[in-house]
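Listed below are the residues making up each chain.
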Amino acid sequence: MTQLDGITKPKTKRSKRFLENRLPKLSEDLKSAMIMKGGNTSETVTQALKDVYSLKKPNAVLYKKKNITRPFEDSTSLEFFSKKTDCSLFLFGSHNKKRPNNLIFGRMFDFHVLDMVELGIEKYVPLKQFKAETCPEGTKPMLVFAGEAFSMDSELKRLKSLLIDFFRGPKVDGVRLAGLEHVLHFTALDGRIYMRSYRCMLKKSGCRTPRIELEEMGPSIDFVMRRTHLASEQLYQLALRQPRALKPKKKKNISHDVFGTKFGRVHMQKQDLSKLQTRKMKGLRKRRGETGAQDESTAPKVLKES
Amino acid sequence: MAASSVEELLAKAEQDEAEKLKSITVKKDLDLEFDLGNLLAYDPNRVELRQQNREEFLKALARDNTQLLINEIWKIPTERVEEAIVAKLPDPTTPLPREKPPPKPKPPTKWEQFAKLKGIQKKKKTNLVWDENAKEWRRRWGYKRANDNTKDWLIEVPDTADPNEDQFAKRVKAKKERVAKNELNRLKNIARAQKIKIPAAGLTPKAQQSKDELALAVSVAKTSTASVGRFQDRLPKEKASKKKGEKRKFEPVIGDFSNEKQKQLDLLQIMDSKKPKLDVTKAVNKQMREEDREAAAAKYKRGAGKKGRRGGMPGKGRGPGGKGGKGGKGKGGKAAAGGGGGGKRKGKPGKK
C-alpha cells in the first residue's frame, strides 16, 4: 500500500504523515537523488559518486551495492528504486571497456524516466586532493553556465536543465549575503563540459558590492557527452505543467501604460447633469434687466471657453 | 576659471567612482541571463580557449561570471533578520519539470454535495465539553470523554420495550450497527470517487432477502450469459420474465402533424390492402423449431430412461431414428403449415 486509499488506513499518525508526504503536492519540495553503481565500477567512478553525494548531502541516497542493470536498455529497476525511496533524480555510475568512467544523470516524472544523459569522465580531480576548506553541508550553491552551446544545442539545453535540477538547493525566500560561498561553474567548450566547484570569498571593494575571489575547492570533472535519452516534447511539456492554483491571481481593473502609470476604472452611477456642480463664473451670470444682444455677445465666449 | 575648476572636480569625482567600481565591473560582449530565485547565471558568450592554461582560463571566467551574479544579487532589497543581512530572493524563473503530476481534485462526497446544495457551513467545534457528572472539562470524544453512555451502570427500561430485553446489549448492538453503516457509506464514497462499479442493492448477499430481491438476482443471473439469456431453460412452473431494459418511446400528444397524418394514412392503407397479416415463412419456421425442440426433448427423456435398463448404444439408436423422425415430422409440418397458410390465403397461389 503506497497510496493513501481509504480502504486500508494507516495505523499510526506517523505513517499517515509519511504517506501524505509522498503524495503529489501542489508546490513540490526539493527533489532527492539516488546515487548507485553499476555492474563494474572503477576507482574514478566511485570517487566521483561519493563527491556528488557530498555535494547533495541531505537530499541524496548513496547505495553501496552494485546493481547489474543497464539504464538505457531497461529502466524498470531504476523506476522501482525511485518508487521505494521517493527520489526523482538518479546518478548511475559504471565502467566498462566500451564506455569507461561512465556517469548517467537522469530524472523521473511520475516514477518513469523522463530524461537520461550519459556523460563520460575524461579527467577527474577528487575532492580530497584540494587543500582548500569546504563549505558547510547544505549551502545553496550558485550555478553558472558558460558557453553558447548551452543555448544552441537542444541536448545541452536539456542537460543544463537537468544539472540545474540536480544541484540547486531548496527553494528559499531569502539568502544570507555572507553565506553565498559555493559556486558551481559549468563550461561548454569544444564538445566537452567542464565542471568546476569554487569557494568564493567576498573581498572589500570601494563600494557596497564586494569583489569576488575564487578558490578551487570541490571536485573538478571534465565530461564528454555520450548517449542521451531525452523525453519527447509532449511529455516534457506535460511534466512542466504547473497546477492552476499556483498561478498568481490577477487583479482585475488595473492596467499599466507604457510609462508605468497605473490605470483603473471607476464606475459611477447615473448623474443628473443639470444639477452638476461646476465652477461658477460670476461674470457670465445673467443680470437683471439685460438685453438680448448682450446675451448674444456673451454666448460665443462661453462656447469658446468650454 | 570657476567653470574649469568645477569641471576638474567633476572629472575627479568621476574618476574616483570609476576606480571604485573598477574592482567589481566586468566587461562582457553579451549580458548574462540571471535567475536569482535559483541563484543561476547563464553566460551566452562564446568561450574560446586562448594560449593560457585551461585551468587558469576557467577560473578567470568563473570569477567574472560570479562577480556579475553577485552584483545582481546585491541589487535586490535586503532585510535584517537576527543580526544577519538577508536578501529577499524573487521566485525562480527557469521552468523545471515537476516530480509528480499535479494532484487531481477529489470529487465531493454525498454529504458534501448535499451541504453545498443546502448551503450548510461547517461549524467549528470546541475541543472540550463540560461534563456535568464529573464536573470538569472533558474531551468531546475518545478516551475519558464527556457524557460517556457506555459507562452507565443503570439504564431505565422504557415503557414500550420488552422487560426481558437486555438494554445494555441493545445499546452495544445499536452502536455496532451505526459504525457498520458509517463504514459502508465511507467505502461507497471512495468507490464513487474512484468510479469503481458496485453491485446493485439486491445482489449483495444479505441475511434475509425479500421475494423481489431474489427475483431480481435470478433475472440478473439468467441474463449474464453469452447469449444474454436466450437459451436458458426455465423451471417447470417459472414464468417468463417481461422484457427488461426495453424502453418504449411514445410520441408527444401534439407534435409533428405531418408525421401523424402519414401514420394514419399508412394504417388505412394497410387495412385496405388485401395482403395477409401473417408472415408465412416466419410462422412456418417458428412452428418447425418448436416441434423439433419438443421432439428432441422427448427423445432425450426416452433415451435417458432406457439407458438405465439397456446400457446399449442409445446414441446410435437414436441417431437414425431421430433423423428419420425429424425428416418425417418436418415434411408433415410443412404440409400442414402449407395447407393452413393456403386456407387462410384468399387470392394468391398456394406454395407446395
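Residues numbered from 1 in each chain as written. Chains lettered and ligands numbered in written order. Predicted model: local features only at pLDDT ≥ 70, side-chain atom pairs only at ≥ 80, totals over all residues. Heavy atoms only, no water.

A. Summary view of the overall build of chain B. Scanning chain B from N- to C-terminus turns up 8 helices and 6 strands. Seen in sequence order, chain B has helices and strands lined up from the N terminus as α-β-β-α-β-β-α-β-β-α-α-α-α-α. Taking all 352 residues of chain B together, 16% fall into the buried category. Of the contacts made within chain B by residues no fewer than 6 positions apart, 34% connect residues no fewer than 24 positions apart. Counting only carbon and sulfur atoms, one obtains 56% of the accessible surface of chain B, whose full area is about 30,400 Å². (Helix = DSSP H or I, 4+ residues; strand = E, 2+ residues; numbered from the N terminus. Buried < 20%, exposed > 50% of the residue type's maximum accessible area, 1.4 Å probe, protein only. Contact = heavy atoms within 4.5 Å. Areas by Shrake-Rupley, 256 points an atom, 1.4 Å probe, with all protein chains shown as cover.)

B. Region of interest: the interface of chain A and chain B. At the interface, 72 residues of chain A touch 54 residues of chain B. When chain A packs against chain B, the two sides together hide about 5,700 Å² of surface, and 62% of this comes from carbon and sulfur. Run the count over chain A and chain B and you get 6 salt bridges. We note a salt bridge from Asp91 of chain B to Lys171 of chain A, for which the minimum N-O separation is 3.9 Å. At the boundary of chain A and chain B, one finds 29 residue pairs in polar contact (both at pLDDT 80 or more). Looking at the side of chain A that touches chain B, its residues break down into 34 nonpolar, 12 polar and 26 charged. Alignment of strand β7 (residues 174–176) of chain A against strand β4 (residues 84–88) of chain B, held across 3 bridges, turns out to be antiparallel. Across the sheet, residue Gly174 of chain A finds its bridge partner in β4 of chain B, namely Lys88 of chain B. (Buried area = accessible area lost by both parts, 1.4 Å probe. Salt bridge = Lys/Arg side-chain N within 4 Å of Asp/Glu carboxyl O. Polar contact = N/O pair within 3.5 Å; in protein donor to acceptor, adjacent residues only side chain to side chain. Nonpolar A, V, L, I, M, F, W, Y, C, P; charged D, E, K, R; others polar. Pairing = 2+ DSSP bridges.)

In short, the description is geometric, and any link to function would need to be established separately.
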